[in-house]
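Below are the chains, spelled out letter by letter.
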Amino acid sequence: MSGEGQRPPVREVRCPRCGKPAAWAGNPWRPFCSERCKTIDLGAWANEEYRVPSEDAPEDGEPEP
Ligand SMILES: [Zn+2]
């Protein structure tokens, strides 16, 4: 038996925001690749939460990108 193949477990995830490979170990922004992506994603979530459907608010149907 030859014990060859002792590679350290490389953990990589794909940034759910931009799709770029992001390191998992030692990555404070995981699963995102950077603080920017994390902030953007969290911001999007916050916006979703803040968007409370109210009947009194006239929606103009803005096209979202
Ligand atoms: Zn990213």
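This one's a predicted model, so the numbers in the text were calculated from it and none came from an experiment. (Residues numbered from 1 in each chain as written. Predicted model: local features only at pLDDT ≥ 70, side-chain atom pairs only at ≥ 80, totals over all residues. Heavy atoms only, no water.)

Let us now look at the coordination of the zinc ion. Taken together, Cys15 (SG), Cys18 (SG), Cys33 (SG) and Cys37 (SG) make up the protein donors of the zinc ion, found 2.3 to 2.4 Å from the metal. Around the zinc ion sit four donor atoms; with metal-centred angles ranging over 105 to 118°, the donor geometry is tetrahedral. Here the donor residues of the zinc ion share one chain and are spaced in sequence as C-x2-C-x14-C-x3-C. Of this pair, Cys18 sits in the loop between strand S1 (12-14) and strand S2 (21-23) while Cys33 sits in the loop between S2 and helix H1 (35-50), and the two are 15 residues apart along the sequence. Assessed through its relative accessible area of 40%, Cys18 is described here as partly exposed. (Donors = N, O, S within 2.8 Å, 3.2 Å for Na, K, Ca; no water. Tetrahedral: all angles 85-135°; square planar, octahedral: opposite > 155°, others 65-115°. Helix = DSSP H or I, 4+ residues; strand = E, 2+ residues; numbered from the N terminus. Buried < 20%, exposed > 50% of the residue type's maximum accessible area, 1.4 Å probe, protein only.)

Here we come to unusual backbone geometry. With an omega of 0°, the peptide bond between Arg30 and Pro31 qualifies as cis. Mapped onto the elements of the fold, Pro31 is located in the loop between S2 and H1.

We now examine the confidence of the model for the protein chain. Summarising the model, the protein chain shows a mean pLDDT of 79, and 69% of its residues fall at 70 or more. Mean pLDDT values over the elements of the protein chain span from 82, in H1, up to 92, in S2. (pLDDT = per-residue confidence, 0-100.)

Right, let's talk about the environment of Pro28 for a bit. Within the secondary structure layout, Pro28 lies in the loop between S2 and H1. On the basis of relative accessibility, which here comes to 55%, the residue Pro28 falls in the exposed class.

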